[in-house]
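Residue-level structural notes
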Protein chains: 2
Amino acid sequence: MVSQKYKELLGAKSVIRQMSEWAAGRAKEIGMENVFDFSLGNPSVAVPQAFTDKMIELLQTRDTMELHGYSQSQGIPAVRAKFAAYLNRTYGMAYTAEHLFMTTGAAGAVAHAVRAVTQPGDEVITFAPYFPEYNHYVNQTGAVLKVVPADTRQFQINFEELEKLLNPKTMALLVNTPNNPSGTVYSTETIKRLAQLLEAKQQEYGHDIFLISDEPYRDIIFEGVDAPYVSKYYDNSLSCYSFAKSLSIPGERLGYIAANPNCTDSELISPMCAQISRGIGHNCPPSIIQIAVAEVLGLTSDLSVYETNMKLIYDELVQLGFEVVKPGGTFYIFPKALEGDAVAFCKKAMKYDLVLVPGDTFGCPGYFRMAYCIETEKVRRAMPAMRRFVELEYNMKRISKPAKDAD
Amino acid sequence: MVSQKYKELLGAKSVIRQMSEWAAGRAKEIGMENVFDFSLGNPSVAVPQAFTDKMIELLQTRDTMELHGYSQSQGIPAVRAKFAAYLNRTYGMAYTAEHLFMTTGAAGAVAHAVRAVTQPGDEVITFAPYFPEYNHYVNQTGAVLKVVPADTRQFQINFEELEKLLNPKTMALLVNTPNNPSGTVYSTETIKRLAQLLEAKQQEYGHDIFLISDEPYRDIIFEGVDAPYVSKYYDNSLSCYSFAKSLSIPGERLGYIAANPNCTDSELISPMCAQISRGIGHNCPPSIIQIAVAEVLGLTSDLSVYETNMKLIYDELVQLGFEVVKPGGTFYIFPKALEGDAVAFCKKAMKYDLVLVPGDTFGCPGYFRMAYCIETEKVRRAMPAMRRFVELEYNMKRISKPAKDAD
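Residues numbered from 1 in each chain as written. Chains lettered and ligands numbered in written order. Predicted model: local features only at pLDDT ≥ 70, side-chain atom pairs only at ≥ 80, totals over all residues. Heavy atoms only, no water.

Considerations on the pattern of salt bridges
All names here are of chain B. All told, the structure shown has 37 salt bridges over all chains when counted by the stated rule. E29 is the partner of R26 in a salt bridge, and the nearest nitrogen-oxygen pair spans 2.8 Å. Remark: E29 and R26 occur in helix 2 (residues 15-30); sequence separation between them is 3 residues, near one turn of the helix. By relative accessible area, which is 21% here, R26 ends up partly exposed. Taking the relative accessible area as the measure of exposure, E29 reaches 60% and is therefore exposed. Among the salt bridges present, the one from K164 reaches E161, with a minimum N-O distance of 3.2 Å. Of this pair, K164 and E161 are both found in helix 8 (residues 159-165), 3 residues apart, which corresponds to roughly one turn of the helix. (Salt bridge = Lys/Arg side-chain N within 4 Å of Asp/Glu carboxyl O. Helix = DSSP H or I, 4+ residues; strand = E, 2+ residues; numbered from the N terminus. Buried < 20%, exposed > 50% of the residue type's maximum accessible area, 1.4 Å probe, protein only.)

This is the structure in structure tokens:
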């Protein structure tokens, strides 16, 4: 008999996926170029040529058994050593290869990290708005996800609400900065305050509380934004990274966990993750991708397009009278909807071929997410549609006339 | 607090890993070329040039966003369609893309398959000798692995013992043919008899019993051997494959599950596996590898070297008086040790720089595994060491004098 648990999950399609499927259907009617699809967080800037060149060079010059051979379950040792050295250089840390575990993207990193530092029944706290897949990662381990309501003023941390949720069963916190969906970057002040609170609670409860930091957008930071490296401020921290967004290679599934050298059992986390991999049959990310990425560490795609897009959208939304926090990074923005029911709001937007995702999906009703990892030209063309939508559905007018109205 | 479960697992290093670590240490003393390491099942024949050429061509010509972009969780649809067509052509099946789920190797395939067709508490039956990682794949799902003792006469199936283990809690059987570690291929007669028995038991128990067929060695079949495609003989079957051995790309982690089109919920298995992936943060195997492999389907490395090696070893072992079943495929052979305690036997072999793995690891004490995926030249040089070992430790002489004794 097939598993009832997974069969039942089939009914619950993700809202993001539903929106993007609607967009694909609509594109068939009016052309992809006329659907303003802000639903999916799919990188849109090209993979750097230097990465492609490195891949070709490896294929042309390396022994095939070395290039495509089994990696250790923890990842290729030489690759892990390079990643550790890069992090030390960039963030002033003291990682060695022993602290690194190579994963299939940030998803694999977070899922493994949660499993490594919790037992079934433990509580893991995260902060709204949050990536909905966290529910799956945490539930699968037998731990329980608790969500701190959003600080909708700044999308930093609502400490008052956090303190209400902390209790002796809290074994880990899961933060995501720069944040999907808000685009907010936690400030040094926020991280320091969080670290202090956790230190105190560790003392009070007499056990470790791990801070799992999900950082796939770490390299997409906008000009002048204070973007601390989370692990620098708290010993019991695990950094989870992915090259999906920074190199535009989401399909190649490469990420890592870096265990803070000062955390409890810091050199056991990586081998424990290898044991976790055994049970799920995961083993290790692809060898050639590990080797190629290690050779171009520090390289990124041209990420500046995301800041250009952000400014266009943010300025327009402000002009239209939206309540919106200016993103500090990522390629997301998370404005307040113009009616209490963000699902209804996003449905109305579809009439204008605008595909927006209601914040309910991210544990923050009344808001909506726009993923602006699309071409700048299309962002420009979407703004008149946004203006029409807001004017016709909510009778709101732009504060000043647009410089050049494309419609 | 870190997970006690995974911390405790760190103590239990795999025997195969221990043997191979000893071999690496010994190699530092006397040179790698003088250690006859038969411990690891690592492919040793080069990746086909056509695969490397295809990878380079893709990197030079394809749009990078298409090549490295997100794959659907089930795998890239066009890739799955190609795999289905290939299987239909080769084995006379009727798969569509909907029946295929792309995995990280056969390990990921088996782990997902078990989870897809069992609930916690269910029983899964496998057959000694068996790949020890099955314990991890099954335990992690909450199901219980039951092991049918080996048919040491032929390493086919011990049906008498199987019938004793079958009961209403049996929800799946896990077979591995061609087999690691025995090298045996289940005959058409064996598979037909197994299918008949399972059909009868499904009737008797009133529920499905899935047959999970782990087939990473499906393309390494020796001359004249009867090697049926398991799924052809039983509807409720899931084929698990990997390209690790056939293309010598174990590090790139590509495999698949093919759900028999006639199995219960045949079109739900693949989407259910995608739900399983969500929870473990696995998502999908690397895009570029999916695309490249789909373009060279049917291509394999030069696998003939494994048969050459098998013959050399098999003939020598027979001459030395070992009880041994002739392998029908893979790159393994599984002779009976010359004393009851195969661990002691393998330890003594180390004195002759022979690295063998005791059968205890595979649920079959008293036997040992040799993985002959090494250079033929080295297999030749290892035979005199084997003769010395057998003569000096067990006072056994070769039946006829070796044609040309290299030592």
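Concerning the interface of chain A and chain B
With 73 residues of chain A at the contact, the number on the chain B side is 73 residues. Between chain A and chain B, roughly 6100 Å² of surface is buried when both sides are summed, and carbon and sulfur atoms account for 59% of that area. Its largest share of buried area at the contact with chain B, chain A owes to A:M1, A:Y70 and A:R278, together 12% of the area lost on that side. Where chain A meets chain B, there are 4 salt bridges. The salt bridge involving A:E133 is made with B:R278; its shortest N-O contact spans 2.7 Å. Where the side of chain A that touches chain B is concerned, the elements lending two or more residues are helix 1 (4-9), helix 3 (49-61), helix 4 (64-68), helix 6 (105-117), helix 7 (133-141), helix 10 (269-280) and helix 11 (287-295) of chain A. Take the side of chain A that touches chain B: its biggest share by element is 8 residues, from helix 10 of chain A. (Contact = heavy atoms within 4.5 Å. Buried area = accessible area lost by both parts, 1.4 Å probe.)

Here's the deal with the relation of the copies chain A and chain B
Turning chain A through 180° and shifting it by 0.0 Å along the axis lays it on chain B, with an RMSD of 0.0 Å. On the angle and the small slide along the axis, the relation comes out as a two-fold axis. In terms of proximity to the rotation axis, the leading residue of chain A is A:I56, whose C-alpha is 2.8 Å off the axis. (Least-squares fit on C-alpha atoms with pLDDT ≥ 70 in both.)

Notes on the sheet that holds strand 12 (residues 368-371) of chain A
Strands in a sheet are paired, the pairing made by backbone hydrogen bonds, and the direction either parallel or antiparallel. Residue and element names in this part refer to chain A. Strand order across the open sheet formed by 3 strands is 9-12-11, with antiparallel pairing between neighbours. In this open sheet, the two edge strands, each paired with only one partner strand, are strand 9 (332-333) and strand 11 (357-358). Sheet topology note: the strand 11/strand 12 ladder contains 2 bridges and is antiparallel. In the strand pairing of strand 12, V357 is matched with R369. (Pairing = 2+ DSSP bridges.)

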